[in-house]
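Structure at a glance
Next come the chains, spelled out residue by residue.
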Amino acid sequence: MTNQTNVEYRMGLGWDVHRLVTGRPLILGGVRIASDFGLDGHSDADVLAHAITDAILGAACLGDIGVHFPDTDPKWRNADSMKLLAQAYELARQAGFVLVNLDATVILERPKLKDYRLPIRESLASCLGLGLDRVSVKFKTAEGVGPVGEGRSAEAQAMVTLAKLAPRGNDALR
Ligand code: C5P
Ligand code: MG
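Below, the structure is looked at part by part. (Residues numbered from 1 in each chain as written. Chains lettered and ligands numbered in written order. Predicted model: local features only at pLDDT ≥ 70, side-chain atom pairs only at ≥ 80, totals over all residues. Heavy atoms only, no water.)

1. A few points about the layout of surface pockets
Looking at the largest pocket, its volume works out to about 280 Å³. If you go around the largest pocket, you meet 15 residues; those closest to its centre are Ser43, His50, Ile65, Phe69 and Asp71. Secondary structure elements with two or more residues in the lining of the largest pocket: strand E1 (5-22), helix H1 (47-59) and helix H2 (65-68). Looking at the lining of the largest pocket, the element that brings in the most residues is E1, giving three residues. Residues belonging to the lining of the largest pocket are distributed by class as follows: six nonpolar, six polar and three charged. (1 Å grid on protein atoms, 1.4 Å probe; cavity = no way out; pocket = protein on both sides within 12 Å on 5 of 7 lines; lining within 4 Å. Points joined across faces, edges and corners; volume = space filled by probe spheres on them. Helix = DSSP H or I, 4+ residues; strand = E, 2+ residues; numbered from the N terminus. Nonpolar A, V, L, I, M, F, W, Y, C, P; charged D, E, K, R; others polar.)

2. Quick word on a positive patch on the surface
On the surface, a cluster of positive charge is made up of Lys112, Lys114, Arg117 and Lys140. Inspection of the secondary structure puts arginine 117 in helix H4 (residues 117-128). A residue is classified by how much of its surface remains accessible, and arginine 117, at 30% relative accessible area, is partly exposed. (Patch = residues over 30% accessible without salt bridge, like charges linked within 9 Å, V, L, I, M, F, W, Y side chains within 5 Å. Areas by Shrake-Rupley, 256 points an atom, 1.4 Å probe, with all protein chains shown as cover. Salt bridge = Lys/Arg side-chain N within 4 Å of Asp/Glu carboxyl O. Lys, Arg positive; Asp, Glu negative; His and termini not counted. Charge placed at Lys NZ, Arg CZ, Asp CG, Glu CD. Buried < 20%, exposed > 50% of the residue type's maximum accessible area, 1.4 Å probe, protein only.)

3. Quick notes on the packing of aromatic side chains
Counting across every chain of the model gives zero aromatic pairs. Here the basic side chain of arginine 93 rests over the ring of tyrosine 89, its NZ or CZ set 4.2 Å away from the ring centre. (Phe/Tyr/Trp six-rings, centres within 6.5 Å; stacked < 30°, edge-to-face > 60°. Lys NZ or Arg CZ within 6 Å of the ring centre and 35° of its normal.)

4. Digging into the sheet that holds strand E7 (residues 153-167)
Either a parallel or an antiparallel arrangement is found when strands of a sheet pair, and the pairing is made through backbone hydrogen bonds. Sheet architecture is open: five strands sit in the order E4-E1-E7-E5-E6, paired in mixed fashion. Of all strands in the sheet, those bounded by a partner on one side alone are strand E4 (37-39) and strand E6 (135-140). Going from strand to strand, the sheet's axes swing by 20° on average, the running direction of each strand aside. Where strand E5 (residues 98-107) lies against E6, six bridges are found, and the strand directions are parallel. Looking across to E6, one finds that isoleucine 107 is bridged to lysine 140. H4 contacts E5 and E6 of the sheet and is inclined by roughly 140° relative to E6. (Pairing = 2+ DSSP bridges. Axes fitted to C-alpha atoms, helices over the stretch in contact; angles between N-to-C directions. Contact = heavy atoms within 4.5 Å.)

5. Section: helix H3 (residues 81-94)
With 14 residues, H3 should reach 20 Å at 1.5 Å per residue; the first-to-last C-alpha distance of 20 Å fits that figure. Those residues of H3 lying buried are Ser81, Met82, Leu84, Leu85, Ala88, Tyr89 and Ala92. Axial view of H3: buried residues confined to an arc of 155°, hence all on one face. Turned more than 90 degrees away from the buried face of H3, the exposed residues are Lys83 and Gln94. (Expected span 1.5 Å × (residues − 1). Arc of directions from axis to C-beta.)

6. A few points about the site of ligand 1
Around ligand 1 sit Leu108, Pro111, Lys112, Leu113, Lys114, Arg117, Phe139, Lys140, Thr141 and Glu143, and that is every residue in its neighbourhood. Within the backbone of leucine 113, an N or O atom sits 2.8 Å from a nitrogen atom of ligand 1. Threonine 141 is positioned with one of its side-chain polar atoms (N or O) 2.7 Å from an oxygen atom of ligand 1. Among the residues forming the shell around ligand 1, the class breakdown is four nonpolar, one polar and five charged. (Near = heavy atom within 4 Å. Polar contact = N/O pair within 3.5 Å; in protein donor to acceptor, adjacent residues only side chain to side chain.)

7. Things to note about the side chain of aspartate 46
With respect to the secondary-structure elements, aspartate 46 resides in the loop between E4 and H1. Of the buried charged residues, aspartate 46 lacks a salt bridge, with arginine 24 as the closest side chain of opposite charge at 10 Å. A polar side-chain atom of aspartate 46 sits 2.9 Å from the main-chain amide nitrogen of glycine 29.

8. Quick word on the packing of H1 against H3
At their nearest, the axes of H1 and H3 sit 9 Å apart, and the two run at 10° to each other. When the axes of H1 and H3 are compared, the pair comes out roughly parallel. In contact with Ala49, His50, Ile52, Thr53, Ile56 and Leu57 of H1, H3 contributes Ser81, Met82, Leu84, Leu85, Ala88, Tyr89, Leu91 and Ala92. Classifying every residue of the contact of H1 with H3 by side-chain character gives eleven nonpolar, three polar and no charged. (Parallel < 35°, antiparallel > 145°, perpendicular 65-115°, else oblique.)

Written out as structure tokens, the structure is:
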């Protein structure tokens, strides 16, 4: 019998889509983007925060965003999605996990987002208590193809790595 431990790594994948409409703000990773269109949804519709939330919940095997923050509950109307993200990470931490890194892609035809890369990374890093070098955000257009390319919606994809100290031996994999 030893008290040695292994570090167990879990990857998590998240994806989300929201419609682009007039009269709504465009908020990505908690940062307000200058735009004539914004994202429609029950909460603030921060598609990037939602994808990262699902990636964290997925890696920790804790279901998905709708289980914890259902869009049928008036409590979450116009909710600040960065607060939901922080709460999701708190659930993962309670289950023994810490975030190692996150990498995300926003797919949006316009506006150009690259000038917002640093503010978005800083906002996410601050929300999650992560070093800036562990938070990557990328941007793509859809080359004019499909609903995203036609400017009718925006998507986000995210991957995270969580780490957990696990007992050495086969029990760690049960
Ligand atoms: O989609 P595409 O490959 O043409 O994007 C080229 C580059 O434009 C991306 O790598 C990204 O740096 C930038 N981009 C952006 N804002 C977008 C879409 C793409 O800054 N909404
Ligand atoms: Mg969403």
